[in-house]
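Okay, here's what each chain looks like letter by letter:
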Amino acid sequence: MSGPVRPAAEGDLPFLSAMERAFFPDGAAEDTLRRMFADGRHVFFVADRGYAWYEFVLDEGYIGNIAVEAEARRQGLGRALTETMIADARDRGLAFLTLEVRQSNAPARALYESCGFAVVGTRRGYYEKPREDALLMTFYF
Ligand SMILES: CC(C)(COP(=O)(O)OP(=O)(O)OC[C@H]1O[C@@H](n2cnc3c(N)ncnc32)[C@H](O)[C@@H]1OP(=O)(O)O)[C@@H](O)C(=O)NCCC(=O)NCCS
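Draft legend 1. Region of interest: the site of the ligand. Taken together, 19 residues sit near the ligand, with Ile 66, Val 68, Gly 78, Arg 79 and Asn 105 positioned nearest. Arg 74 places a polar main-chain atom, nitrogen or oxygen, 2.8 Å from an oxygen atom of the ligand. For the ligand, whose accessible area on its own is 930 Å², the fraction buried by protein is 75%. When atom positions are compared with the pocket grids, the ligand is found to occupy the largest pocket. Sorting the residues of the shell around the ligand by element identifies strand S4 (60–68), helix H3 (77–91), strand S5 (96–102) and helix H4 (106–114) as the ones contributing at least two each. At five residues, H4 tops the list of elements feeding residues into the shell around the ligand. Considering only residue class, the shell around the ligand consists of eleven nonpolar, four polar and four charged.

Here it is in structure tokens:
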């Protein structure tokens, strides 16, 4: 199993940065993550084989990234990370949590849908390399 989900500590920043860069073409470097970690608006969670983070502004929540190592998928870790973010956002009194996802990213879309997110819009040509539309998915509290 992938171990429990916990709030990230400063010592997790190298792992977080490695995951960002492994899974996302514009993944955040460690110094960028360090600033985000310290600014009080970004919330990071980690497990042994995955991580997730979101940002909040007033009562609005924006999921940044979530990823689980390829060999550890389909064991419930993505769901645990997503549900942990939802619980944290609820505790903070946020009105919603929202995110963008590639139209072709079936696993992520299925994960979010199963956690209660609904498609609320499309951003045409939002992604590059390759260019693709984003679906906007939102969880309302
Ligand atoms: C999306 C991602 C985080 C899911 O992580 P995971 O640990 O495999 O997800 P879980 O095991 O918790 O799956 C939860 C539910 O999501 C859905 N799901 C996950 N992977 C799926 C797949 N390959 N196909 C269809 N449904 C899938 C299922 O409904 C699943 O529930 P089930 O296993 O009971 O059927 C993982 O695939 C990943 O890291 N992808 C690469 C990075 C990425 O695309 N991140 C999202 C950016 S927006």
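So that's the structure; there's more coming.
Draft legend 2. Inspection of a nonpolar patch on the surface at higher detail. A surface patch of nonpolar side chains, amounting to about 310 Å² of accessible area, comprises Val 57, Leu 58 and Tyr 62. Assignment of secondary structure puts Tyr 62 in strand S4. Look at Tyr 62 and you get partly exposed, because its relative accessible area is 34%.

Draft legend 3. Seen up close, the packing of aromatic side chains. With the rule as written, the count across this model stands at nine aromatic pairs. Note on Tyr 54 and Phe 56: the rings are 6.4 Å apart at their centroids and 45 degrees apart in plane angle, and the pair reads as tilted. A relative accessible area of 16% means that Phe 56 is categorised as buried. A ring pair is formed by Phe 96 and Tyr 140, whose centres lie 6.4 Å apart and whose planes are at 65 degrees; its orientation type is edge-to-face. Note that Phe 96 is positioned in strand S5 and Tyr 140 in strand S7 (residues 132–140), a separation of 44 residues in sequence. Since its relative accessible area comes to 19%, Phe 96 is described here as buried.

The rules behind each value
- Residues numbered from 1 in each chain as written.
- Predicted model: local features only at pLDDT ≥ 70, side-chain atom pairs only at ≥ 80, totals over all residues.
- Heavy atoms only, no water.
- Near = heavy atom within 4 Å.
- Polar contact = N/O pair within 3.5 Å; in protein donor to acceptor, adjacent residues only side chain to side chain.
- Areas by Shrake-Rupley, 256 points an atom, 1.4 Å probe, with all protein chains shown as cover.
- 1 Å grid on protein atoms, 1.4 Å probe; cavity = no way out; pocket = protein on both sides within 12 Å on 5 of 7 lines; lining within 4 Å.
- Sits in = over half its atoms within 2 Å of the grid points.
- Helix = DSSP H or I, 4+ residues; strand = E, 2+ residues; numbered from the N terminus.
- Nonpolar A, V, L, I, M, F, W, Y, C, P; charged D, E, K, R; others polar.
- Patch = residues over 30% accessible without salt bridge, like charges linked within 9 Å, V, L, I, M, F, W, Y side chains within 5 Å.
- Salt bridge = Lys/Arg side-chain N within 4 Å of Asp/Glu carboxyl O.
- Buried < 20%, exposed > 50% of the residue type's maximum accessible area, 1.4 Å probe, protein only.
- Phe/Tyr/Trp six-rings, centres within 6.5 Å; stacked < 30°, edge-to-face > 60°.

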